[in-house]
Amino acid sequence: MIHGFLVSLQANFSVEMKIKEIVSALERFAPLPLQDGFDNAGLQIGLTDAEATGALLCLDVTEAVLDEAIALGYNLVISHHPLIFKGYKSITGKDYVERCILKAIKNEIVIYSAHTNLDNAWGGVNFKMAEKIGLKNVRVLEPKENMLLKMVTFVPEAEANRVREALFEAGGGCIGKYDQCSYNTSGEGTFRAGEGTNPFCGNIGEFHTEKEIRIEIILPAYRRAEVLRALLNAHPYEEPAFDIFPLKNEWMQAGAGVIGELDAPETELEFLKQIKKTFEVGCIRHNKLIGREIQKVALCGGAGAFLIPLAIGNQADVFITGEIKYHEYFGHETDILLAEIGHYESEQYTKEIFYTLIRETFPNLEVQMTKVNTNPIKYM
């Protein structure tokens, strides 16, 4: 899933790279506008104009992780969970977060976090979990809403291909797994150029009719400025006409959780044993086993219990997540098998997403996954 994204990026970076180039690659894969409202993903600490000496990948930023980065001589730490969630009026080292902030600044270490934006991104955290389980036909469980726009513009026939290509290059025209999508209709545009203009066609002061193509494309709302800039740069008219409409469509390429199918059904016990092994879980908490077969699997890394109703509504046989509260188990025994595997355990393979992205995009950069197990929960 990451490979096609990487190919388009590799030619853009030199052997020596600045940290901001690595950040840019991360944000193209998991754009910050995809993060949930409560989150604080993105740059946490540091200056990104520095040359990268190496990247250490982790789930959580702790003092031990920073000590590891210092020992390796790396000046970039990339985490899934943000170190900083709240505002600070003072930083005195009174807790581990403040001590990490001080240590990172003192050692000129940049900390960057990709959290719910990576949870919600296509190919992100939940897709990695699905890959580990071996799910097929994986799709987003709760697609994002109000994240899409439609752009309409009118272009002379001879220039339509060039303008379309510019819009596609800027990130427009993607629908699901299809790209370069547009709708085109032929018509006639009319105008009269006034004094002081420089018309592409027609003469100043004369009524003009031009055969034009109406081009319609869909784009993510966060790419509005980029796509509009591409339109204005590529359009031959001095004053191009365009419309931008908000869409109510669900965006199936981004959102919370995923759902997919196993190649063949398994018993509840077989399935739970395999999950325990795959995610190296000390203890799986689950509701009552009633002898159902498991084939359709819904999941969400981290605290994903809010998706239980959607998993049931999509007729999943099991829902796997990192955290489920006591009362959330009640009333679902005949609806679905609930499996709670631990927050850390569910998201531990996020480091592999970072590793693949950075290693293949920046092959000359030293990158390692932390050897520190930052899970604060232990099992007896």
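Residues numbered from 1 in each chain as written. Predicted model: local features only at pLDDT ≥ 70, side-chain atom pairs only at ≥ 80, totals over all residues. Heavy atoms only, no water.

Novice: Explanation requested: the sheet that holds strand E15 (residues 367-369) in the structure shown.
Specialist: Strand pairing in a sheet relies on backbone hydrogen bonds. The paired strands run either parallel or antiparallel. Taking strand neighbours across the sheet as the criterion, the five strands line up as E1-E4-E3-E2-E15 in an open arrangement whose pairing is mixed. Here the strands that pair on one side only, and so sit at the sheet edges, are strand E1 (42-45) and E15. On average, each strand axis in the sheet is inclined to that of its neighbour by 25 degrees, with strand direction left out of account. Where strand E3 (residues 76-79) and strand E4 (residues 110-113) come together, four bridges link them in parallel fashion. For Val-77, the partnering residue across the bridge sits in E4 and is Ile-111. (Pairing = 2+ DSSP bridges. Helix = DSSP H or I, 4+ residues; strand = E, 2+ residues; numbered from the N terminus. Axes fitted to C-alpha atoms, helices over the stretch in contact; angles between N-to-C directions.)

Novice: In this structure, what is going on with the sheet that holds strand E6 (residues 148-156)? I would like to understand it.
Specialist: Spatially, four strands are ordered E7-E8-E6-E9 in an open sheet, and the strand pairing comes out antiparallel. Two strands in the sheet have a free side with no partner beyond their single neighbour: strand E7 (183-192) and strand E9 (242-247). This sheet shows a mean twist of 30 degrees between the axes of neighbouring strands, independent of strand direction. Pairing between E6 and strand E8 (residues 207-220): nine bridges, direction antiparallel. Looking across to E8, one finds that Thr-153 is bridged to Ile-215. Against the sheet, helix H7 (residues 160-169) contacts E6, E7 and E8, and its axis sits at roughly 20 degrees relative to E8. Taken strand by strand, helix H8 (residues 224-234) contacts E6, E8 and E9, and its axis lies near 0 degrees from that of E6. (Contact = heavy atoms within 4.5 Å.)

Novice: Honestly, the pattern of salt bridges in this entry has me stumped. Any pointers?
Specialist: Proximity of charged atoms lets side chains of opposite charge pair with each other. One pass over the structure, following the stated rule, counts 16 salt bridges. The closest approach of N and O atoms between Asp-36 and Lys-144, which form a salt bridge, is 3.2 Å. Taken together, the residues Asp-36 in the loop between helix H2 (19-29) and E1 and Lys-144 in strand E5 (residues 136-145) connect sequence positions 108 residues apart. Across the pair Lys-128 and Glu-131 runs a salt bridge, and its minimum N-O distance is 3.4 Å. With Lys-128 and Glu-131 both in helix H6 (residues 125-133) and three residues apart, the pair spans about one turn of that helix. Within this structure, Lys-128, Glu-131, Lys-132 and Glu-352 form a network of salt bridges that share partners. (Salt bridge = Lys/Arg side-chain N within 4 Å of Asp/Glu carboxyl O.)

Novice: Explanation requested: the side chain of Asn-75 in the structure shown.
Specialist: Relative to the helices and strands, Asn-75 is located in the loop between helix H3 (63-72) and E3. For Asn-75, a relative accessible area of 11% corresponds to the buried category. A polar side-chain atom of Asn-75 sits 2.9 Å from the main-chain carbonyl oxygen of Glu-51. A distance of 2.9 Å separates a polar atom in the side chain of Asn-75 from the backbone nitrogen of Thr-53. Setting aside residues no more than four positions away along its own chain, Asn-75 makes contact with Ile-19, Ala-50, Glu-51, Ala-52, Thr-53, Gly-54, Glu-108, Ile-109 and Val-110. (Buried < 20%, exposed > 50% of the residue type's maximum accessible area, 1.4 Å probe, protein only. Polar contact = N/O pair within 3.5 Å; in protein donor to acceptor, adjacent residues only side chain to side chain.)

Novice: For this particular structure, what's the right way to read the layout of surface pockets?
Specialist: Reported here for the second largest pocket is a volume of approximately 380 Å³. Elements with a contribution of two residues or more to the lining of the second largest pocket: E7 and E8. Its residues assigned to classes, the lining of the second largest pocket shows eight nonpolar, eight polar and six charged. (1 Å grid on protein atoms, 1.4 Å probe; cavity = no way out; pocket = protein on both sides within 12 Å on 5 of 7 lines; lining within 4 Å. Points joined across faces, edges and corners; volume = space filled by probe spheres on them. Nonpolar A, V, L, I, M, F, W, Y, C, P; charged D, E, K, R; others polar.)

Novice: I keep staring at the nonpolar core and nothing clicks. Help me out?
Specialist: Nonpolar side chains in soluble globular proteins generally cluster together in the buried interior. Ranked by size, the top nonpolar core spans 33 residues in total, and within it Ile-22, Ile-78, Leu-118, Ile-358 and Leu-365 carry the most contacts. Going through the elements one at a time, H2, strand E2 (55-58), E3, E4, strand E10 (250-267) and helix H12 (350-361) are the ones with two or more residues in this core. At six residues, H2 tops the list of elements feeding residues into this core. Contact partners of Ile-22, with chain neighbours within four places excluded, come to Met-17, Ala-52, Leu-76, Ile-78, Ile-358, Phe-362 and Leu-365. With 24 residues, the next largest nonpolar core counts Ile-133, Val-140, Ala-339 and Tyr-349 among its residues. (Core = buried A, V, L, I, M, F, W, Y, C linked by side-chain atoms within 4.5 Å.)

Function cannot be read off these values alone, since they describe shape.
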